[in-house]
2 protein chains.
Amino acid sequence: MSRATLRDVAKLAGVSVATASKALNGQPQVRAQTRERVVRAAEQLSFSPNTLAQGLITQRSGTVGLLTSDLEGRFSIPILMGAEDAFGSDQTSVFLCDARGDAIREKHHLRALLSRRVDGLIVVGARPDTRLSLGELPVPVVYAYAPSDDPADLSLVTDNVGGGRLAIDHLIRCGRRRIAHITGDPGYSAAQDRARGAVERLAEDGLGLAGGEVWFGMWSEAWGRGATRMLLERTPEVDAIFAGSDEIARGVLDVLHEERIEVPSRVAVIGFDNWSVLAGNSRPPLTTIDLNLEHLGRIAAQRLSAAMDGEPAAGVETFPVRLITRESTAPLR
Amino acid sequence: MSRATLRDVAKLAGVSVATASKALNGQPQVRAQTRERVVRAAEQLSFSPNTLAQGLITQRSGTVGLLTSDLEGRFSIPILMGAEDAFGSDQTSVFLCDARGDAIREKHHLRALLSRRVDGLIVVGARPDTRLSLGELPVPVVYAYAPSDDPADLSLVTDNVGGGRLAIDHLIRCGRRRIAHITGDPGYSAAQDRARGAVERLAEDGLGLAGGEVWFGMWSEAWGRGATRMLLERTPEVDAIFAGSDEIARGVLDVLHEERIEVPSRVAVIGFDNWSVLAGNSRPPLTTIDLNLEHLGRIAAQRLSAAMDGEPAAGVETFPVRLITRESTAPLR
DNA sequence: TTGTAGGCGTTATCAT
DNA sequence: ATGATAACGCCTACAA
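Residue indices begin from 1 for each chain and proceed along its sequence in written order. Here every chain gets a letter starting at A, and every ligand a number starting at 1, in the order they are written. Only residues with pLDDT of 70 or above have their local features reported here, since the model is predicted, and side-chain atom pairs are shown and tallied only from 80 upward, although totals for entire chains, interfaces and linings are computed over all residues. With hydrogens and water set aside, each side-chain value is computed from the structure's full complement of heavy atoms.

Colleague: Honestly, the side chain of Ser133(A) in this entry has me stumped. Any pointers?
Modeller: Residues and elements named next belong to chain A. Helix numbers and strand numbers start at the N terminus; a helix is a DSSP run of H or I with at least 4 residues, a strand a run of E with at least 2. Checked against the element boundaries, serine 133 lands in the loop between strand E3 (120-124) and strand E4 (141-144). Counting of polar contacts relies on pairs of N or O atoms within 3.5 Å, with two restrictions inside protein: one atom must be capable of donating a hydrogen and the other of accepting it, and residues adjacent in sequence are counted only when both atoms are side-chain atoms. Looking at serine 133, its side chain comes within polar contact range of the main-chain nitrogen of glycine 135, at 2.9 Å. A distance of 2.6 Å separates polar atoms of two side chains, one belonging to serine 133 and the other to aspartate 153. In this structure serine 133 touches Tyr143, Ser148, Asp149, Asp150 and Asp153, once residues within four positions along its chain are discounted. Here, residues are in contact when the closest pair of their heavy atoms is within 4.5 Å.

Colleague: Even after reading the chapter, I still don't get the domain arrangement of chain A, so can you show me in this structure?
Modeller: Note on interface size: it is often stated as the accessible area lost on association of the parts. Residues and elements named next belong to chain A. Those domain boundaries reflect an automatic or database domain assignment. Looking at the assigned domains, one finds that chain A contains domain 1 (6-49), domain 2 (62-158 + 293-318) and domain 3 (160-291). Its C-alpha centre places domain 2 at a distance of 32 Å from the equivalent point of domain 3. Contact with domain 2, which involves eight residues of that partner, is made by 10 residues of domain 3. With both sides pooled, the region where domain 2 packs onto domain 3 buries about 850 Å², and carbon together with sulfur makes up 49% of that total. By buried area we mean the combined loss of accessible area, with a 1.4 Å probe, across both parts when two parts are placed together. Ranking the residues of domain 2 by area buried against domain 3 places Arg74, Arg127 and Thr158 at the top, with a combined share of 56%. Any carboxyl oxygen of Asp or Glu that lies within 4 Å of a side-chain nitrogen of Lys or Arg is treated as forming a salt bridge with it. For the pair domain 2 and domain 3, the interface holds one salt bridge. Among the salt bridges present, the one from glutamate 247 reaches arginine 74, with a minimum N-O distance of 3.6 Å. Applying the counting rule to domain 2 against domain 3 returns five residue pairs in polar contact (both at pLDDT 80 or more). Each residue is assigned to one of three groups, with Ala, Val, Leu, Ile, Met, Phe, Trp, Tyr, Cys and Pro labelled nonpolar, Asp, Glu, Lys and Arg labelled charged, and all others, Gly among them, labelled polar. Residue composition of the side of domain 2 that touches domain 3, grouped by class: four nonpolar, one polar and three charged.

Colleague: I tried to follow the interface of chain B and chain A on my own but got confused; where do I start?
Modeller: On the side of chain A, 60 residues touch chain B, which itself brings 61 residues to the contact. Applying the counting rule to chain B against chain A returns 10 salt bridges. Put simply, Asp85(A) and Arg105(B) hold a salt bridge, and the shortest N to O gap is 3.8 Å. Run the count over chain B and chain A and you get 28 residue pairs in polar contact (both at pLDDT 80 or more). At six residues, the largest contribution of residues to the side of chain B that touches chain A is made by strand E2 (residues 93-98) of chain B. Among the residues making up the side of chain B that touches chain A, the classes are represented as 23 nonpolar, 17 polar and 21 charged.

Colleague: Honestly, the sheet that holds strand E1 (residues 63-68) of chain A in this entry has me stumped. Any pointers?
Modeller: Working definition: the strands of a sheet are paired by backbone hydrogen bonds and lie parallel or antiparallel to each other. Strands sit in the order E10(A)-E5(A)-E4(A)-E3(A)-E1(A)-E2(A)-E2(B)-E1(B)-E3(B)-E4(B)-E5(B)-E10(B) across an open sheet of 12 strands; the sheet is mixed. The open sheet is flanked by strand E10 (315-319) of chain A together with strand E10 (315-319) of chain B, the only strands paired with a single partner. Neighbour to neighbour, the strand axes of the sheet diverge by 25° on average, direction disregarded. Lines are fitted to the C-alpha atoms to define the axes, a helix being fitted only along its stretch in contact, and any angle between axes, read from their N-to-C directions, falls within 0 to 180 degrees. Against the sheet, helix H6 (residues 103-115) of chain B contacts strand E2 (93-98) of chain A together with strand E1 (63-68), E2 and strand E3 (120-124) of chain B, and its axis sits at roughly 160° relative to E2(B). Pairing between strands is defined by DSSP: at least two bridges between them are needed.

Colleague: Where do I start with the environment of Gln302(B) in this structure?
Modeller: All names here are of chain B. Along the chain, glutamine 302 falls in helix H12 (residues 293-308). Residue classification places glutamine 302 among the partly exposed positions, given a relative accessible area of 43%. Placed 14 residues apart in sequence, glutamine 302 and valine 316 show a C-alpha to C-alpha distance of 15 Å. Partly exposed describes any residue whose relative accessible area lies between the buried limit of under 20% and the exposed limit of over 50%, with all areas from a 1.4 Å probe on protein chains only and scaled to the type maximum.

Colleague: Even after reading the chapter, I still don't get the protein's contact with DNA strand D, so can you show me in this structure?
Modeller: Think of it this way: one heavy atom of a residue within 4 Å of a molecule or strand is enough to make that residue near it. Within the structure, DNA strand D sits among 24 residues, and Thr19(A), Lys22(A), Thr34(A), Leu6(B) and Ile57(B) are positioned closest to it. Within 4 Å of the protein, atoms of DNA strand D come from sugar and phosphate in 74% of cases. Here a phosphate oxygen of DNA strand D and a backbone polar atom of Arg31(A) are 2.9 Å apart. Asn25(B) is positioned such that a nitrogen or oxygen atom in its side chain is 3.4 Å from a phosphate oxygen of DNA strand D. Taken together, the elements giving at least two residues each to the surface near DNA strand D come down to helix H2 (17-24) and helix H4 (51-58) of chain A together with helix H2 (17-24) and helix H4 (51-58) of chain B.

Colleague: In this structure, what is going on with the packing of helix H1 (residues 6-13) of chain B against H2(B)? I would like to understand it.
Modeller: Helix-helix packing is characterised by the crossing angle of the two axes and by the distance between the axes. Residues and elements named next belong to chain B. Packing of H1 against H2 leaves a shortest axis separation of 8 Å and a crossing angle of 100°. By the angle between their directions, the pair H1 and H2 is classed as roughly perpendicular. Side by side, H1 and H2 meet where Leu6, Arg7 and Ala10 of the first sit next to Val17, Ala20, Ser21 and Leu24 of the second. Considering only residue class, the contact of H1 with H2 consists of five nonpolar, one polar and one charged. Any angle from 65 to 115 degrees is called roughly perpendicular, while one under 35 is roughly parallel, one over 145 is roughly antiparallel, and all others are oblique.

Colleague: Looking at this structure, how should I read the relation of the copies chain B and chain A?
Modeller: For the least-squares superposition of copies, only C-alpha atoms count, and only for residues with pLDDT at least 70 in both. Relative to chain A, chain B is turned by 180° and slid 0.1 Å along the rotation axis, the superposed coordinates differing by an RMSD of 0.2 Å. In the structure described here, the two chain copies are related by an operation that fits a two-fold rotation axis. It is Phe95(B) whose C-alpha, among those of chain B, lies nearest the rotation axis, at 2.3 Å. Interface overlap between copies: 97% of the residues of chain B at the interface are likewise at the interface in chain A, consistent with a symmetric, same-surface contact.

Colleague: So what exactly am I meant to see when it comes to the packing of aromatic side chains here?
Modeller: The geometry of an aromatic ring pair is captured by two quantities: the separation of the ring centres and the angle between the planes. Only Phe, Tyr and Trp rings take part, Trp by its six-membered ring, and two of them pair if their centres are within 6.5 Å. Stacked means planes under 30 degrees apart, edge-to-face means over 60, and tilted covers everything else. If you walk through the whole model with that rule in mind, you get seven aromatic pairs over all chains. Judged by centre distance (6.2 Å) and plane angle (35°), the ring pair of Phe242(A) and Phe272(A) falls under tilted. Taken together, the residues Phe242(A) in strand E7 (residues 240-243) and Phe272(A) in the loop between strand E8 (268-270) and helix H11 (276-279) connect sequence positions 30 residues apart. Phe272(A) matches Phe242(A) in its accessibility class, with the two residues each being buried. Aromatic pair Phe75(B) and Tyr145(B): ring centres 5.3 Å apart, planes at 20°, arrangement stacked.

Colleague: Teacher, can you tell me more about the UniProt feature "domain: HTH lacI-type" (unreviewed entry) in chain A here?
Modeller: UniProt positions are given in the numbering used here, feature names are shortened, and annotations may be inferred rather than shown by experiment. In the numbering used here, UniProt assigns the "domain: HTH lacI-type" (unreviewed entry) feature to residues 4-58 of chain A. Split by type, residues 4-58 of chain A is 67% helix and 0% strand. Its first and last C-alpha atoms lie 21 Å apart.

Colleague: Looking at this structure, how should I read the protein's contact with DNA strand C?
Modeller: Leu6(A), Ile57(A), Thr19(B), Lys22(B) and Thr34(B) are the nearest of the 26 residues found near DNA strand C. Here, DNA strand C places atoms within 4 Å of the protein, and 67% of those atoms are sugar or phosphate. In this structure, Gln54(A) approaches DNA strand C through a side-chain N or O atom, which is 2.9 Å from a phosphate oxygen. Thr34(B) is positioned with one of its side-chain polar atoms (N or O) 2.4 Å from a phosphate oxygen of DNA strand C. Of all the elements in the fold, those that place two or more residues in the surface near DNA strand C are H2 and H4 of chain A together with H2 and H4 of chain B. Residues that form the surface near DNA strand C fall into these classes: 11 nonpolar, 12 polar and three charged.

Colleague: Hey, could you run me through the pairing of E2(A) in this one?
Modeller: Look at any regular strand and the pattern is simple: side chains alternate between the two faces of the sheet. Within E2(A), six of the six residues are buried, leaving the element largely enclosed by the surrounding structure. Side chains Ser93(A), Phe95(A) and Cys97(A) project from E2(A) onto one buried face, and the interleaved Val94(A), Leu96(A) and Asp98(A) project onto a second face that is buried too. Handedness of a crossover is defined as follows: orient the strands so they point away from the viewer, and if the path from the first strand over the helix to the second runs clockwise, the crossover is right-handed. In terms of handedness, the path from E1(A) via helix H5 (residues 76-88) of chain A over to E2(A) forms a crossover that is right-handed. Note: E2(A) against E2(B), three bridges, orientation antiparallel. Looking across to E2(B), one finds that Val94(A) is bridged to Leu96(B).

Colleague: Whenever I open this one, the sheet that holds strand E6 (residues 179-182) of chain A confuses me. Can you help?
Modeller: Residues and elements named next belong to chain A. Strand order in the open sheet formed by three strands is E6-E7-E8, and the pairing between neighbours is parallel. Two strands lie at the open edges of the sheet, namely E6 and E8, each paired on one side alone. Sheet twist, expressed as the mean angle between neighbouring strand axes with direction ignored, is 20°. Both E7 and E8 contribute to a ladder of three bridges, which runs parallel. Within the sheet, the bridge partner assigned to phenylalanine 242 lies in E8 and is isoleucine 270. Sitting on the sheet, helix H7 (residues 160-173) touches E6, E7 and E8, and the angle it makes with E7 is about 165°. Its contacts with the sheet place helix H9 (residues 221-234) against E6 and E7, and it is angled at close to 145° to E6.

So, in structure tokens, the structure goes:
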């Protein structure tokens, strides 16, 4: 199976390359009968137009670059899927580049992408903290998940503050009043923002955190377990725990279970991330907050398309998260 | 930041495009002084050669397609990372395409990739069962994880039988003799192969499975819990459990913990996949089998490069898995 | 050592 | 309705 060129098709159909081109591209000024001949010739040779050559002329490669900083991270993948999906039906293909959090490698990839004449770039960070802007580039760029530090760039982020509010709101609606918050590394803006949202929402009902403080620590099950043990010792009357991630929530559930404290009847638990392998399989299945990352990716692709079509945007757009109700929370009866 | 062409560089340097080209590409027949001028001009204009145009001439696009059937699956990602890693980002860029297990979409992507003149293709399946060959293509193809049904294709797979053997071997070395096997959907060749390896290895020591049968079911924690309960009822003397996945292993550990059966002192548990969020965070941390998928991806890239350089290969290559020892297994004392 | 010319596969603009 | 012809950006004989 070798590669037929338009010339081959034209020759086989007995027309000029120009006519063949027009016939194949559905231009009107070509006799139906001629078009038919060309199309058949193309099929016969299984002709496939060389997009590179087309791009040379149209000044559009029909490709975009997806620059991620950690592929294995569970956050980049859904975004990446959403973006790939939104472009998919179009005629744009996606170059995947993983910089592994290394600035050098990122520069390297950037160079390669630009020389491949990508029409645009999506940059997806590993964590929702602000990252360095790539600066001015000959193609439009959209930052997803991790916002750029340059307000002239367009950044798309999830609403972590809103997520914290939403979690607490749900627990309050379940009749809980003594709510604790166990979360991860305080160096992450995600941890800070979720905590802030939680505290704000509590305040609206005249409440404070059970135990008085946010339990910052690490994004791990082990920390969830450790913090829960300390919490139970210090504040045994707690009736709900908002965990900053599903991993932490698993640790929380584990200790609760061990202590024979019933979930949700005595203590309700809510997680964050909706990482299904963790949230869907726990005992009981975990109520949690979904970041809508796939949607974020889809929007990123749309914004990028718009920018490529000459309608650029700037600033930070924040997207809402949503509550996934499972069985680890329920109204107090 | 617009786009300088080689002509612009040549003009600025006061030479012809041919000379500029030679100067930039390190050809010897150009005076050092001239080269210097050209290079400076290129830098000044931040010139970046148009890879598409180069590809038109060299008949090589410097791109490969990565056709995956499920991105969210935890198996494609490491392979994809390995492959992306192995292609030096300067030489080769990777087009990512997710067919979502849909044959139509796959055809669609394939068409697009070929018209983009990719130099090669890596096809990575979602599960290790045989998949349909893409047939004869104008570029080399390597199948990774899921082998092609056509022996003329090159397929790279992990050794699931060997994995089963390895797991049992480890348990036997720990002094266990009453070993049960709880695994997932029997419709997966992975489940069958791992079970076969396990049974074979047991037989070498004159042993059979504790309880007599493999416990096939589903790839979930819930099944791991359910099966373990039934197992303990029917075969309480079991001293080790080989779980077909880390998810299942988590369920196993959960019930063992609930029943106050000590791990590993009374029952050892080994998982499969080394999915770190599950295996690394369990109580105790889980001994498991790592599929070396990143390595598989790296090899896939190498084989593809070789094929692109005119050294094709065919058949199925099977790659060894490896034991990750954590704390859920230990010698019986 | 440098420049000229032809061509890679397409499309668009003219003639015919 | 069809066909030459000139681009697109680059590279590589070949000529000067």
